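Architecture and fold: a report
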Amino acid sequence: MAHRALRIIAAAALAGSVLTACTTEPATTGTTGGAGKGSSDGKLVLGFAQVGAESGWRTANTKSVRDAAEKAGIELKFSDAQQKQENQIKAIRTFIQQKVDVIAFSPVVESGWDTVLKEAKNAGIPVILTDRAVDSQDTSLYRTFLGSDFVKEGEEAGKWLVKEYEGTSEPINVVELQGTTGSAPANDRKAGFAEAVKGDPKFKVVASQTGDFTRAKGKEVMQAFLKSHEDIDVLYAHNDDMALGAIQAIEEAGKKPGTDIKVISVDGIKDAFVAMEQKKINVVVECNPLLGDQLMELAKKVAAGEDVPRRVETKEGVFTQDQAAAALPSRQY
């Protein structure tokens, strides 16, 4: 449970570098310990600024980071930005003041990070991007990016759709539930999907609107789509929570999700696999949130001044209804 940066600087940055809540929760430690370069008991100190808790994916991601830090013997200072960039920037500045060894964060949006990242660089604190990328042209402001290829995820969703309607010439009306406006996964999943279907004129995205990655907003926006468009063939949701909310709206409108309106989603949380087993979701493109162990390994390396890849990708798959039942018992989130 990350990248316009992938698109903007794919050739330059990936070839030579890299390319995815009201007041900030105070930075809290997973263990008691002193601030400074390394904790009072000698542990490496990692400051982690999380996006928030907007979805089941994010909850699993946070748990993975917390559990992995404890297992690795790393002192974790954790902040929940509640999906507000200003909270995240404030948390990062707090980490700088506390002189943590490494800062990691999942950017709420792609833009607007250069100033605070320069502050971290000037303080000599290495930064790791997790899950989501930034669009900074100065790739020296962070050491590495850990996460998914969101463009690829969108492409996989589009490829499934093209294959599903192969041989059909009738128009296919698609509605799209986008993630948080300006975020890397929203930008890239939209772009990847559009790229995959652009060669077939029968696919038409008749409506596209943000659902903020939440179940409640996904339902609300889908209700509006259903009122505005009588003939919807496919729903493409940028994450499972929005898809699950939209399914409620589809059912309340007297339609059958997965049949009357085919549903494509991204993430791979347990609830989505249950919905696939019930034939309410047709396909899920996986986005793995369990980044904790990889993050701790990278944190130790960058703190020690070791070279690390500019981009570390997670392993993911694509699951359809006929695979859901077998895969469900092994889902960890």
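The structure under discussion appears in the preceding block.
In short, a report on the structure. As a convention, each chain's residues are numbered from 1 in the sequence order in which they are written. Local features in this predicted model are restricted to residues of pLDDT 70 or higher, and side-chain atom pairs are both shown and tallied only at a pLDDT of 80 or more, whereas totals for entire chains, interfaces and linings draw on every residue. The side-chain figures draw on all heavy atoms in the structure; neither hydrogens nor water molecules are used.

What about the packing of aromatic side chains?
Two aromatic rings, drawn from Phe, Tyr or Trp (for Trp, its six-membered ring), form a pair once their centres lie within 6.5 Å of each other, and the interplanar angle then sorts them: stacked below 30 degrees, edge-to-face above 60, tilted otherwise. Inspection of every chain in the model, using the stated rule, returns 5 aromatic pairs. Each ring, one from Tyr165 and one from Phe203, has its centre 6.2 Å from the other, and the planes form 75 degrees; the classification is edge-to-face. In this pair, Tyr165 sits in the loop between α6 (150-164) and β7 (172-178) while Phe203 sits in strand β8 (residues 203-210), placing the two residues 38 residues apart along the sequence. Pair check on accessibility: Tyr165 and Phe203 agree, each one buried. When the centroid spacing of 4.2 Å and the interplanar angle of 20 degrees are considered together, the rings of Phe193 and Tyr236 count as stacked. On the criterion of sequence distance, the pair formed by Phe193 in helix α7 (residues 184-197) and Tyr236 in strand β9 (residues 234-237) is long-range, its members being 43 residues apart. When its relative accessible area of 3% is taken as the criterion, Phe193 is described as buried. Helix and strand labels come from DSSP, where a helix needs a run of H or I of at least four residues and a strand needs a run of E of at least two; each type is numbered from the N terminus. Think of it in three bands: with a 1.4 Å probe and only protein chains considered, a residue is buried below 20% of the maximum accessible area for its type, exposed above 50%, and partly exposed in between.

Topic: the packing of helix α4 (residues 85-97) against helix α5 (residues 114-122)
If you want to describe how two helices pack, look at the angle between their axes and the distance between the axes. A fitted line through C-alpha atoms serves as each axis, taken over the contacting stretch for helices, and the angle formed by two N-to-C directions is quoted from 0 to 180°. One can describe the packing of α4 onto α5 by two numbers: an axis separation of 10 Å at closest approach and a directional angle of 10 degrees. Comparing their axes, α5 and α4 come out roughly parallel. Counted together, Ile89, Ile92, Arg93 and Ile96 of α4 and Thr115, Val116, Glu119 and Ala120 of α5 form the full contact between these two elements. Residues that form the contact of α4 with α5 fall into these classes: 5 nonpolar, 1 polar and 2 charged. Put simply, angles under 35 degrees are roughly parallel, angles over 145 are roughly antiparallel, angles from 65 to 115 are roughly perpendicular, and the rest are oblique. We call two residues in contact when some of their heavy atoms are within 4.5 Å. Basically, the charged four are Asp, Glu, Lys and Arg, the nonpolar ten are Ala, Val, Leu, Ile, Met, Phe, Trp, Tyr, Cys and Pro, and anything else, Gly included, counts as polar.

Focus on helix α9 (residues 240-252)
Three or four residues apart is the spacing at which side chains of an α-helix point the same way, because the helix has 3.6 residues per turn. For α9, built from 13 residues, the straight-helix expectation of 18 Å at 1.5 Å per residue is met to within 8% by its first-to-last C-alpha distance of 18 Å. By the criterion of burial, α9 is predominantly enclosed, with 10 of the 13 residues buried. For α9, the complete set of buried residues consists of Asp240, Asp241, Met242, Ala243, Leu244, Gly245, Ala246, Ile247, Ala249 and Ile250. Directly after α9, the chain includes Gly254, whose backbone phi takes a positive value near 85 degrees. A helix is expected to reach a length of 1.5 Å times the quantity of its residues less one.

These figures capture arrangement, not role.
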